[in-house]
Amino acid sequence: MTKYDLIIIGTGPAAYTASIYAARYKLKHIIIGEKLGGLVTETNKICNFPSEEEISGIDLMKKMETRVKNLGINILNDKIIDIQKTKDGFYVTNQNEKKIKTKTVLLATGTKSRKLEINNENKYIGKGVSHCATCDAMFYKNKNVAIIGGSDSAHVTSLYLSKIAKKVYQIYRKDKLRGDPTWIEQVKNNKKIEVIFNNNIQELKGDKILEEIILKNPYQKNKSLKVDGLFIKIGSTPDGLLTNKLKLAQDKEGYIKVNNQQETSLQGVWAAGDVTTASNKLKQIITACSEGAIAADSIFNFMQRKEIP
Ligand code: NDP
């Protein structure tokens, strides 16, 4: 059985950056992740990554992936369902119950889109309800759509949809949008976007596909919106599966606690990117990359110190 120096779990910016550094440090490693490119691929417009004037999440992640592949690193599109500590490292198990042996692990598992947790939400996924504008926006050409959320993901989604749809409603539970002021200004100045403040979604309706949203408002009678699509952009939460399997220290929201070397509470396990408490929880591509680089460097130093065979 192959024994790796390092298995990187996750396929977002933290994972790919860690891999580039690990390759230069000659660490024998592999990247394993379910969704190639991670959550970034759901963002249609990125304007704050230093090397890019403007780029879509998919294109940026393809660039990073190509860099990694050109270094000869294997990227496996798979889900890790279990992880066990052994005497001299870890066994990582994939969906087909195949065990892979490694000396160290980097968790770069990111976060997954938060759900509204209302009735019928799952029924309409793919039938009018989406979490990904990059994937689904084109289905709503000249149609009416709603976006729920009041921060950056919602803003970029509204702005993107405004170029495709006939009308965009952005629903937000408070009375003032938050996030990047540049996006907020663009949302406010966009004639196709109507922001509906102080509202949340109470119910989704439609025969086979989404047709109507019932809003809830603590101050007024509930309103209804006739829409063809709804994009849920209300943030994301870390996936606790592997964190819990390894019993790693985490904060109350499930983010993995790390020190300034990206080390977790368990020796031999590092974490980087959106899944951690690091970088002041500033969930940006650049901070994920930075944490990935620090983690790879720390793993290299650890391996040298320990002289792991
Ligand atoms: P955020 O956590 O920043 O915002 C989530 C939004 O959804 C908030 O407005 C929040 O409301 C609202 N919300 C949360 N739960 C619910 C709920 N149950 N019902 C209704 N509304 C809810 O997440 P984002 O995904 O927007 O952003 C995450 C990070 O990624 C940020 O750091 C952001 O800057 C970055 N990002 C940057 C982008 C870019 O620049 N291109 C694009 C996308 C993200 P409330 O305000 O009341 O908390």
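Here the structure is shown first, and the text comes after it.
The following refers to the structure shown. Here the structure is a predicted model, which is why all the values come from computation and not from measurement. (Residues numbered from 1 in each chain as written. Predicted model: local features only at pLDDT ≥ 70, side-chain atom pairs only at ≥ 80, totals over all residues. Heavy atoms only, no water.)

1. Quick notes on a positive patch on the surface
To keep it simple, the criterion reads: Only residues above 30% relative accessible area that lack a salt bridge enter a patch, with like-charged residues linked at up to 9 Å and the nonpolar side chains Val, Leu, Ile, Met, Phe, Trp and Tyr linked at up to 5 Å. Here the open area of atoms and residues is found with the Shrake-Rupley method and a 1.4 Å probe, where only the protein chains shown may cover a residue. In the sections that follow, a salt bridge refers to a side-chain nitrogen of Lys or Arg positioned within 4 Å of a carboxyl oxygen of Asp or Glu. Asp and Glu are treated as the negative residues and Lys and Arg as the positive ones, with His and the ends of the chain left uncounted. The atom standing in for a charge is NZ when the residue is Lys, CZ when it is Arg, CG when it is Asp and CD when it is Glu. For helices the rule is a DSSP run of H or I covering at least 4 residues; for strands it is a run of E covering at least 2, with both sets numbered from the N terminus onward. Buried, partly exposed and exposed residues are distinguished by accessible area as a fraction of the type maximum, computed with a 1.4 Å probe on protein chains only: under 20%, between the cut-offs, and over 50%, respectively.
A grouping of Arg114, Arg173, Lys174, Arg178 and Lys283 is seen on the molecular surface, where their side chains present a positively charged patch. Counting through the fold element by element, arginine 173 comes out in the loop between strand S10 (167-171) and helix H5 (181-189). By relative accessible area, which is 59% here, arginine 173 ends up exposed.

2. So, the pattern of salt bridges
Under the definition given, this model contains twelve salt bridges. For aspartate 88, the salt bridge identified is with lysine 3, shortest N-O distance 3.0 Å. Taken together, the residues span a long stretch of sequence, with aspartate 88 in the loop between strand S4 (80-86) and strand S5 (89-94) and lysine 3 in strand S1 (residues 3-9) at a distance of 85 residues. With relative accessibility at 40%, the residue aspartate 88 sits in the partly exposed group. Relative accessible area serves as the criterion here: at 23%, lysine 3 is assigned to the partly exposed category.

3. Overview of the site of the ligand
The condition is simple: For this purpose, a residue is taken to be near a molecule or strand whenever a single non-hydrogen atom of the residue falls within 4 Å of it. Residues adjacent in sequence count toward polar contacts only when both atoms are side-chain atoms; beyond that, a polar contact is any pair of N or O atoms within 3.5 Å, and within protein one must be able to donate a hydrogen and the other to accept it.
Neighbouring the ligand are 21 residues; Asp152, Ser153, Tyr172, Lys174 and Arg178 lie closest to it. The separation between an oxygen atom of the ligand and a polar side-chain atom of arginine 173 is 2.9 Å. In this structure, asparagine 200 approaches the ligand through a side-chain N or O atom, which is 3.2 Å from a nitrogen atom. Protein chains bury 82% of the 910 Å² of accessible surface belonging to the ligand in isolation. At three residues, the largest contribution of residues to the shell around the ligand is made by helix H4 (residues 152-162).

4. Side note on the packing of aromatic side chains
Stated precisely, the cut-off is as follows: Only the six-membered ring of Trp is used, alongside the rings of Phe and Tyr, when aromatic pairs are assigned; centres must lie within 6.5 Å, and planes under 30 degrees apart are stacked while those over 60 apart are edge-to-face, with the rest tilted. Whether a charge sits over a ring depends on NZ of Lys or CZ of Arg being within 6 Å of the ring centre and within 35 degrees of the ring normal.
Evaluation of the coordinates by the stated rule reveals three aromatic pairs. Between tryptophan 270 and phenylalanine 302, the ring centres sit 5.2 Å apart and the planes meet at 75°, which makes this aromatic pair edge-to-face. Here phenylalanine 302 lies in helix H7 (residues 285-306) and tryptophan 270 lies in strand S17 (residues 269-271), a separation of 32 residues in the sequence. There is no split in this pair, since tryptophan 270 and phenylalanine 302 are both buried. The side chain of lysine 28 reaches across the aromatic face of tyrosine 4, ending 6.0 Å from its centre.

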